[in-house]
Amino acid sequence: MAENTSKHIKEFWAELPRADEDFLGSIRDWKNVQIAVEDETLWLKGFTDEQVVAPELQQLPDFILYELRDGLLFRKEALVPSKK
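Computed from a prediction, not measured in an experiment: that's the story for all the values here.

Caption draft 1: Examining the confidence of the model for the protein chain more closely. On average, residues of the protein chain score 87 in pLDDT, and 90% of them reach the 70 mark or higher. At the low end of the mean pLDDT range in the protein chain sits helix H2 (residues 55-58), at 90; at the high end sits strand S3 (residues 41-45), at 95.

Caption draft 2: Spatial organisation of the pairing of strand S2 (residues 34-38). Two elements, S2 and S3, share 5 bridges in a ladder whose sense is antiparallel. What sits directly across from Glu38, in S3, is Thr41. The hairpin formed by S2 and S3 contains 2 residues between the paired strands, and Asp39 there has a positive phi angle of roughly 50°.

Caption draft 3: Broad picture of the packing of aromatic side chains. A complete count under the given rule lists 2 aromatic pairs for this structure. The interplanar angle of 70° and the centroid separation of 6.4 Å between the aromatic rings of Trp13 and Trp43 together place this pair among those described as edge-to-face. Highlighted residues: Trp13 in strand S1 (residues 11-17) and Trp43 in strand S3, separated in sequence by 30 residues. Ring-pair connections join several aromatic residues into one group, and the members of that group are Trp13, Trp43 and Tyr66. The ring of Phe74 carries the charged tip of Arg69 above its face, separated from the ring centre by 4.1 Å.

Caption draft 4: Quick look at the environment of Asp70. Inspection of the secondary structure assignment puts Asp70 in the loop between strand S4 (64-69) and strand S5 (72-75). The exposure class assigned to Asp70 is exposed, which follows from its relative accessible area of 82%. Distance in space between the C-alpha atoms of Asp70 and Lys84 is 9.7 Å, their sequence separation being 14 residues.

Caption draft 5: Structural view of the side chain of Thr41. Position of Thr41 among the secondary structure elements: in strand S3. According to the relative accessible area criterion, Thr41 is buried, its value standing at 18%. In this structure, Thr41 is in contact with Glu15, Leu16, Arg18 and Ala36, ignoring residues within four places of it in sequence.

Caption draft 6: Structural view of the pairing of S3. Along S3, 4 of the 5 residues are buried, which leaves the element largely enclosed by surrounding structure. As defined by bridge partners, S1 adjoins S3 across 5 bridges and the pair is classed as antiparallel. Bridged to Pro17 within S3 is Thr41.

Caption draft 7: Inspection of the nonpolar core at higher detail. Counting 16 residues, the largest nonpolar core has Leu24, Trp30, Leu44, Phe47, Leu57, Phe63 and Leu65 as its most contacted members. Looking at this core, the elements with two or more residues in it are S1 and S3. In terms of residue count, the dominant contributor to this core is S1 (3 residues). When near neighbours in sequence (up to four residues on either side) are disregarded, Leu57 contacts Ile27, Trp30, Phe47, Gln51, Val52 and Phe63.

Scoring rules and cut-offs
- Residues numbered from 1 in each chain as written.
- Predicted model: local features only at pLDDT ≥ 70, side-chain atom pairs only at ≥ 80, totals over all residues.
- Heavy atoms only, no water.
- pLDDT = per-residue confidence, 0-100.
- Helix = DSSP H or I, 4+ residues; strand = E, 2+ residues; numbered from the N terminus.
- Pairing = 2+ DSSP bridges.
- Phe/Tyr/Trp six-rings, centres within 6.5 Å; stacked < 30°, edge-to-face > 60°.
- Lys NZ or Arg CZ within 6 Å of the ring centre and 35° of its normal.
- Buried < 20%, exposed > 50% of the residue type's maximum accessible area, 1.4 Å probe, protein only.
- Contact = heavy atoms within 4.5 Å.
- Core = buried A, V, L, I, M, F, W, Y, C linked by side-chain atoms within 4.5 Å.

Here's what the structure looks like:
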């Protein structure tokens, strides 16, 4: 039986304070990234593996990158979840 490869695809989410939304201009060309607003927080998802390590993301202030695993958000390469 073939192994389900969809389990190995990483899904990345990010959190950014809404006050810093002006800094998102550096990634405005990334059509695959989806953005949602929750109170004073911007949530972003849909990053590719290449975009996760791109300098455009690394330069964003107060930017927190998460990996979604089993419905929980883990900071990148962390072993313990940070959020649900």
